[in-house]
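Structure at a glance
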Protein chains: 2
Amino acid sequence: MSDSNLVISVDAMGGDNSPRIVVEGIHIAHKNNPDIKFVLFGDEAKVNAEMAKFSELKNFCTVIHSTEVVRNEDKPSQVIRNKNTSMYMAIDAVRKGDARAIISAGNTGALMAISKMLLKTIQRVHRPAICTNIPHKDGMCVMLDLGANTECSAINLAEFAIIGNILARHTLEIERPRIALLNIGAEEMKGSEEIHQAAKMIKNTHLDLNFIGYIEPHQISEGYADVIVSDGFTGNIALKTMEGTAKLVSGLLKSTIKNSVWAKIGLPFLLPIIWTMKKKMDPRKYNGAMFVGLNGLSVKSHGGTDSLGYSYAIDNAAKLVRQDFVQTIRDEVEHVDLDELSQDILYDVY
Amino acid sequence: MSDSNLVISVDAMGGDNSPRIVVEGIHIAHKNNPDIKFVLFGDEAKVNAEMAKFSELKNFCTVIHSTEVVRNEDKPSQVIRNKNTSMYMAIDAVRKGDARAIISAGNTGALMAISKMLLKTIQRVHRPAICTNIPHKDGMCVMLDLGANTECSAINLAEFAIIGNILARHTLEIERPRIALLNIGAEEMKGSEEIHQAAKMIKNTHLDLNFIGYIEPHQISEGYADVIVSDGFTGNIALKTMEGTAKLVSGLLKSTIKNSVWAKIGLPFLLPIIWTMKKKMDPRKYNGAMFVGLNGLSVKSHGGTDSLGYSYAIDNAAKLVRQDFVQTIRDEVEHVDLDELSQDILYDVY
């Protein structure tokens, strides 16, 4: 299986403007990841037509023909039964050991459902989680869960902390990531019982995690922590609130500039600032939500991203593949029995 | 008691730079609210010294001496036993019927605890909530609960919808506010069982509420709804995430301008834009978190606000006092038996 070490499987048909964006994304990502090979699943004729534009691609890309495509409106319960879609086949390549990670820009629910069914949760891990890198004022941090689990037990949260710690080490290259639980206050009594127990469990794992306690949402952007842990409902709320607020503020800036006579006169001075802001806030840089905790990495690219955005998703996946992320989780989870730890803590409390 | 109709009770000693900010805030708010009278509780000498700066104040302000002050580090369990603080006395004035609302810029936990103890929850209302007005691209909306109740039942959420509806009518002057439940998706199956049941209850209240279903956090800033309902944990997470993200984006803008040679040359053109942005995003405009559902209105001003910010909190309280907000809640809640409705819905589900 050493052959599969640095192979990423790609659903070439997922997302808008596929397979063009996908192939172009691979072309861009190759520059930073010359060691990675790709297997593309999709309509052979269409994929090959795109591949022909970049002669070097055939050296590290294989195309496997698939006859069907998962559509955006397809339900997870349907797609898990259709083995002929490009998405199913791409994920199955990871299950078979032919690739270490799968990337798709297609239907999120379908990707999660097929990934969970085929790749299965890592032994001793209770629940997979969705995570992504988000920006703060001094760089980036890892945030999870972002929606895979609406409700989470203390064990789930403690596991997310362990997985998030590995993610921050591998994707953000932070040696000793500061881990925090998302909460509505720094005081010990704030928040739910699950959060309190998770805090105790994370402290007691013997994994020497750099746990810094609770973080409030407004502190995320201050860069107080490198790993933000929450249940999927709360994480999803926070992520979408960030998205909305960033849009609100930049919309405000746009309308202010549009309605200002001074701005019109001073446009040559303003444009470099607008460009720099756009570059810094570029959502493409944060593309690639990772579905982690499974025997293989499943990455969801934004369906509407362009080739540069797609290449960022590949970059992140490549980092994790290169460092054998899944095996690292297995190794670390093996050293900590969260079920037992949970019993100890329940015993402490009552 | 008709005398108390338009009286607001003020904790003159709460917050930074009190009682100066408080007295100046009243001076500013008076222009828009000539019908409102104020009772100020605090150190008589200090308050009178500030009052002396504005000769007209004595016409609509009364000062009542108090010997003690609630400090920021005081615990709720302590402050509810000390009847001599300016905060306690100011809240007690509402209980006695001498005022309709109380405003304080002091310790939040203390204000909530004393308010709840003295004013008590309105009959048939199960839980009070914290709410505030937040900005969206076309105006403002009401959001509640922001932290009074970490966990909420469907009944609590339905009540918040009823109260939020009244708040939006009275403070934002929206005739038929669009009410939405904060959730992580628009689909019926998304979110918790409490949210699903609350949706059913709000539809079935016979109050003819303009309920538009679920709202996702990124849609808040788009102005999709006028009343955003959630449990206190989720609401607090969303509010603090907005705060953090707005700060992140404006910090990014600042650093971009600071590091740009073009910006330095074009500063005269940029300044009007920066000023307009500052004005539009001014947090003072949204000052005044309201603690609602009690027999009297309790308003928390930000402790660090200035006199203009304090005057905004008074403005909002005055609007609610003028329209007899508490009585409106009593009237509307009387028409809907949420406990019975809850039973009906449980029966539907199982």
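Residues numbered from 1 in each chain as written. Chains lettered and ligands numbered in written order. Predicted model: local features only at pLDDT ≥ 70, side-chain atom pairs only at ≥ 80, totals over all residues.

A closer look at the overall build of chain A
Looking only at helices and strands, chain A has 14 helices and 11 strands in total. Over its C-alpha trace chain A gives a radius of gyration of 21 Å, about what one expects of a compact globule, namely 20 Å for 350 residues. Referenced to the eigenvectors of the C-alpha coordinate spread, the extents of chain A come out at roughly 65 × 65 × 35 Å. Across the 350 residues that make up chain A, the buried fraction comes to 52%. (Helix = DSSP H or I, 4+ residues; strand = E, 2+ residues; numbered from the N terminus. Rg over C-alpha atoms; globule rule 2.2 N^0.38 Å. Buried ≥ 20, exposed ≤ 12 C-beta atoms within 10 Å, placed from the backbone.)

Details of the sheet that holds strand E9 (residues 227–229) of chain B
Residues and elements named next belong to chain B. The strand order across the open sheet built from 11 strands is E3-E2-E1-E4-E11-E10-E5-E6-E9-E7-E8, with neighbouring strands paired in mixed fashion. Looking along the sheet, the strands with just one partner apiece sit at the ends: strand E3 (61–65) and strand E8 (210–215). With strand direction ignored, the average angle separating the axes of adjacent strands in the sheet is 25°. Inspection of the sheet shows strand E1 (residues 7–11) paired to strand E4 (residues 101–104) by 4 bridges, in the parallel sense. Counterpart to Asp-11 in the pairing with E4 is Ser-104. (Pairing = 2+ DSSP bridges. Axes fitted to C-alpha atoms, helices over the stretch in contact; angles between N-to-C directions.)

Focus on the environment of Ala-105 of chain B
Residue and element names in this part refer to chain B. In this structure, Ala-105 sits in the loop between E4 and helix H5 (108–119). Linking Ala-105 and Ser-18, residues 87 residues apart in sequence, is a C-alpha distance of 8.7 Å. Ignoring sequence-local partners within four residues, the contact set of Ala-105 consists of Gly-14, Gly-15, Ser-18, Ser-301, His-302, Gly-303, Thr-305 and Tyr-310. (Contact = placed C-beta atoms within 7 Å.)

Considerations on the domain arrangement of chain A
Residue and element names in this part refer to chain A. Split by domain assignment, chain A resolves into domain 1 (1–125 + 293–323) and domain 2 (126–288). At the junction of the two partners, domain 1 supplies 20 residues and domain 2 supplies 13 residues. Those elements that provide at least two residues to the side of domain 1 that touches domain 2 are helix H5 (108–119) and helix H12 (307–322). Broken down by element, the side of domain 1 that touches domain 2 gets its largest block of residues, 8 residues, from H12. (Domains from an automatic or database assignment.)

With respect to the relation of the copies chain B and chain A
Mapping chain B onto chain A calls for a screw motion: a turn of 180° about the axis and a shift of 0.0 Å along it, with 0.0 Å RMSD after fitting. Between the two chains, the operation in question is that of a two-fold axis. (Least-squares fit on C-alpha atoms with pLDDT ≥ 70 in both.)

Things to note about the packing of helix H6 (residues 154–171) of chain B against helix H7 (residues 193–203) of chain B
Residues and elements named next belong to chain B. One way to put it is that H6 packs onto H7 with a least axis distance of 8 Å and a crossing angle of 45°. If you check the angle between H6 and H7, you find them oblique. Judged by the twist between their axes, the crossing of H6 over H7 is right-handed. On the side of H6, the interface is formed by Ala-154, Leu-157, Ala-158 and Ala-161, while H7 contributes Glu-194, Gln-197, Ala-198, Met-201 and Ile-202. (Parallel < 35°, antiparallel > 145°, perpendicular 65-115°, else oblique. Left-handed = near helix turned anticlockwise from the far one by under 90°.)

Considering the sheet that holds strand E9 (residues 227–229) of chain A
All names here are of chain A. Taking strand neighbours across the sheet as the criterion, the 11 strands line up as E3-E2-E1-E4-E11-E10-E5-E6-E9-E7-E8 in an open arrangement whose pairing is mixed. Two strands lie at the open edges of the sheet, namely strand E3 (61–65) and strand E8 (210–215), each paired on one side alone. Shown here is a sheet whose adjacent strand axes are inclined to one another by a mean of 25°, direction ignored. By the bridge criterion, 6 bridges tie strand E5 (residues 129–136) to strand E6 (residues 139–144) in an arrangement that is antiparallel.

A word on the interface of chain B and chain A
At the interface, 46 residues of chain B touch 46 residues of chain A. Looking at the side of chain B that touches chain A, the elements with two or more residues in it are helix H8 (217–220), helix H9 (232–258), helix H10 (261–265) and helix H11 (267–280) of chain B. Here the side of chain B that touches chain A takes 21 residues from H9 of chain B, the largest share from any one element. Looking at the side of chain B that touches chain A, its residues break down into 22 nonpolar, 18 polar and 6 charged. (Nonpolar A, V, L, I, M, F, W, Y, C, P; charged D, E, K, R; others polar.)

Here we look at the pairing of E6 of chain A
All names here are of chain A. Here E5 hands over to E6 after 2 residues, the two strands then running antiparallel side by side. Sheet topology note: the E6/E9 ladder contains 3 bridges and is parallel. Paired with Val-142 across the strands is Val-227, a residue of E9.

Re unusual backbone geometry
Of the consecutive residues Ser-18 of chain A and Pro-19 of chain A, the connecting peptide bond is found in the cis state with omega at 0°. Here Pro-19 of chain A shows up in the loop between strand E1 (7–11) and helix H1 (20–32). Cis rather than trans, the peptide bond between Leu-144 of chain A and Asp-145 of chain A has omega equal to -5°. Structurally, the position occupied by Asp-145 of chain A is in the loop between E6 and helix H6 (154–171). Even without a glycine there, the phi angle at Asn-17 of chain A is positive, about 55°. By the secondary structure assignment, Asn-17 of chain A is in the loop between E1 and H1. What makes Asn-17 of chain A partly exposed here is the crowd of 14 C-beta atoms within 10 Å. A positive phi angle, close to 80°, is found at Arg-124 of chain B, a residue other than glycine. Along the chain, Arg-124 of chain B turns up in the loop between H5 and strand E5 (129–136). What makes Arg-124 of chain B partly exposed here is the crowd of 15 C-beta atoms within 10 Å.

Thoughts on H5 of chain A
All names here are of chain A. With 12 residues, H5 extends 16 Å between its outermost C-alpha atoms, agreeing within 8% with the 16 Å of an ideal straight helix rising 1.5 Å per residue. Buried positions along H5 lie against helix H3 (76–79), helix H4 (86–95), strand E4 (101–104), strand E10 (289–292) and strand E11 (297–300). Lys-120 lies just past H5 and shows a positive phi near 60°. (Expected span 1.5 Å × (residues − 1).)

Remarks on helix H9 (residues 232–258) of chain A
With 27 residues, H9 of chain A ought to run about 39 Å at 1.5 Å a step, and its terminal C-alpha atoms sit 38 Å apart, in line with that. Among the 27 residues of H9 of chain A, 19 are classified as buried, and the element is accordingly described as predominantly covered.

A closer look at the pairing of E4 of chain B
Residues and elements named next belong to chain B. Side-chain alternation along E4 places Ala-101 and Ile-103 on one buried face and Ile-102 and Ser-104 on a second face that is also buried. Pairing of E4 with strand E11 (residues 297–300), which is carried by 4 bridges, proceeds in the parallel orientation. Across the sheet, Ala-101 pairs through a bridge with Leu-297, a residue of E11.

Things to note about the environment of Thr-305 of chain B
Here Thr-305 of chain B is to be found in the loop between E11 and helix H12 (307–322). Apart from the residues within four sequence positions on either side, Thr-305 of chain B is in contact with Ala-105, Arg-284, Asn-287 and Tyr-310 of chain B.

Observations regarding the packing of helix H1 (residues 20–32) of chain B against H12 of chain B
When two helices pack together, their arrangement is given by the angle between the helix axes and by the axis-to-axis distance. All names here are of chain B. At a closest axis distance of 7 Å, the pairing of H1 and H12 adopts a crossing angle of 55°. Compared by their axis directions, H1 and H12 come out oblique. Pair H1 / H12 crosses with right-handed handedness. Contacts from Ile-21, Val-22, Glu-24, Gly-25, Ile-26, Ile-28, Ala-29 and Asn-32 of H1 reach H12 at Ser-307, Leu-308, Tyr-310, Ser-311, Ile-314 and Asp-315. Across the contact of H1 with H12, the residue classes tally to 8 nonpolar, 4 polar and 2 charged.

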